[in-house]
Amino acid sequence: MSGFSLDWLDLREAADQCARDKNLLVDAMRFLDAVREDSEAADESRIVMDLGTGSGSTLRAFSSVIEAQADLHTWRLIDNDAELLAAAKRRVPQGVNAETHLLDLNKIAELPIEGVELVTSSALFDLVSERFVHELADTLLANCKGKPPGFYSALNYDGNTDWTPAHPLDREVLAAFNRDQQTDKGFGPALGPQAVPVMEQKFIKSGFTVACAQSPWQLDGGEHELVRELINGIGNAVKHDSLLEPNALRSWMEFRMAHADSGTCSIGHIDLLALPRPG
Ligand SMILES: C[S@@+](CC[C@H](N)C(=O)[O-])C[C@H]1O[C@@H](n2cnc3c(N)ncnc32)[C@H](O)[C@@H]1O
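Below, the structure is looked at part by part.

Calculation rules
- Residues numbered from 1 in each chain as written.
- Predicted model: local features only at pLDDT ≥ 70, side-chain atom pairs only at ≥ 80, totals over all residues.
- Heavy atoms only, no water.
- Helix = DSSP H or I, 4+ residues; strand = E, 2+ residues; numbered from the N terminus.
- Buried < 20%, exposed > 50% of the residue type's maximum accessible area, 1.4 Å probe, protein only.
- Areas by Shrake-Rupley, 256 points an atom, 1.4 Å probe, with all protein chains shown as cover.
- Lys, Arg positive; Asp, Glu negative; His and termini not counted.
- Charge placed at Lys NZ, Arg CZ, Asp CG, Glu CD.
- Phe/Tyr/Trp six-rings, centres within 6.5 Å; stacked < 30°, edge-to-face > 60°.
- Polar contact = N/O pair within 3.5 Å; in protein donor to acceptor, adjacent residues only side chain to side chain.
- Axes fitted to C-alpha atoms, helices over the stretch in contact; angles between N-to-C directions.
- Parallel < 35°, antiparallel > 145°, perpendicular 65-115°, else oblique.
- Left-handed = near helix turned anticlockwise from the far one by under 90°.
- Contact = heavy atoms within 4.5 Å.
- Nonpolar A, V, L, I, M, F, W, Y, C, P; charged D, E, K, R; others polar.

A few words now on the overall build of the chain. Counting secondary structure elements, the chain contains nine helices and eight strands. C-alpha atoms of the chain, sized along the principal axes, occupy 65 × 35 × 30 Å. Burial statistics for the chain: of 279 residues in total, 53% are counted as buried. Counting only carbon and sulfur atoms, one obtains 50% of the accessible surface of the chain, whose full area is about 13300 Å². Side chains of the chain give 25 positive and 43 negative charges; the mean places of these two sets differ by 2 Å.

Turning our eyes to something else, we now look at the packing of aromatic side chains. Scanning the entire structure with this criterion turns up 10 aromatic pairs. When the centroid spacing of 5.5 Å and the interplanar angle of 70° are considered together, the rings of phenylalanine 62 and tryptophan 75 count as edge-to-face. Of the two residues, phenylalanine 62 is situated in helix H3 (residues 57-65) and tryptophan 75 in strand S2 (residues 73-79); the sequence distance between them amounts to 13 residues. Tryptophan 75 carries the same exposure label as phenylalanine 62, and that label is buried. Pairwise contacts between aromatic rings join Phe125, Phe132, Phe151, Phe187, Phe203 and Phe208 into one cluster.

Moving on, we get to the side chain of serine 129. Turning to its location among the elements, serine 129 is positioned in the loop between strand S4 (116-122) and helix H5 (130-142). Looking at serine 129, the relative accessible area reads 7%, which means it is buried. A polar side-chain atom of serine 129 sits 3.1 Å from the main-chain amide nitrogen of phenylalanine 132.

Two numbers describe how helix H1 (residues 6-19) lies on helix H8 (residues 224-238): the axes approach to 10 Å, and their chain directions differ by 125°. In terms of axis orientation, H1 runs oblique to H8. Every pair of crossing elements has a handedness; the one defined by H1 and H8 is left-handed. Where H1 abuts H8, its residues Trp8, Leu11, Arg12 and Ala15 lie against Glu225, Leu226, Glu229 and Leu230. Here the contact of H1 with H8 is built from residues that sort into five nonpolar, no polar and three charged.

The description of two helices packed together rests on the angle between their axes and the distance between the axes. Put simply, H8 and helix H9 (residues 246-258) touch, their axes get as near as 10 Å, and they point 170° apart. In terms of orientation, H8 lies roughly antiparallel with respect to H9. Contacts from Arg228, Ile231, Asn232, Ile234, Gly235 and Val238 of H8 reach H9 at Leu249, Trp252, Met253, Arg256 and Met257. Its residues assigned to classes, the contact of H8 with H9 shows seven nonpolar, two polar and two charged.

Shown next, in the form of structure tokens:
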């Protein structure tokens, strides 16, 4: 399974939905409500722009938290993968207004940001570069006509992975995986585990109040299929790392696969919500 295939996104969706911090989701919805109350056009629907939509996991997360309000928003779903956008469109909950935009996020100037009140994303910002975060934040501010949008970014990998039972190579494999996380994923050198600190710093500097919450995957034998794919994914990511001995890596993978049904795995993520400071 590739990193962005529909199969992989479907396999991880339940763990993602369970991991997301619900308080930040509710705070993001409350922000949209407050914008609505302040607005002269209170009867118009609010616009949410979801970056790197995939099959629409973030839209579904918002809809499930406050179902009754989901239809008050129009979602602009952005991805450069037409197949994923088609799946996202098919899965839009009933009553929710959503439009898809096939776009490369690197072309920030082409994003449909007109009227956007909340920018959302999940499992995206550990893939992007520091430059991308700075350019995106600057573009949002430059085009907001004095009303900056909120910014919600969930499930950013934070560099921590814990397995039980332990294996002597766990630490070396994790270090190699974290090195791979900072290689180019299509946006220049990726932030990997630095995603949240970089976003936090940039949005605070830009006049936002930033809240963060941990959203780890807590996996056990109940998610053995996901755990096995994760082990394969880690193995693929680190197989060319010059500091890992191939036979040692092979026996680490065999050990992890043998415990996929009975062991546990925690993968650290952080959710972030940046809201413009009043005034
Ligand atoms: C890890 S997936 C996350 C998908 C979804 N947000 C979720 O949480 O399930 C990353 C998504 O970003 C999209 N993506 C990656 N690079 C992109 C780019 N340069 N432009 C637009 N979308 C991109 C991928 O197609 C994929 O859907």
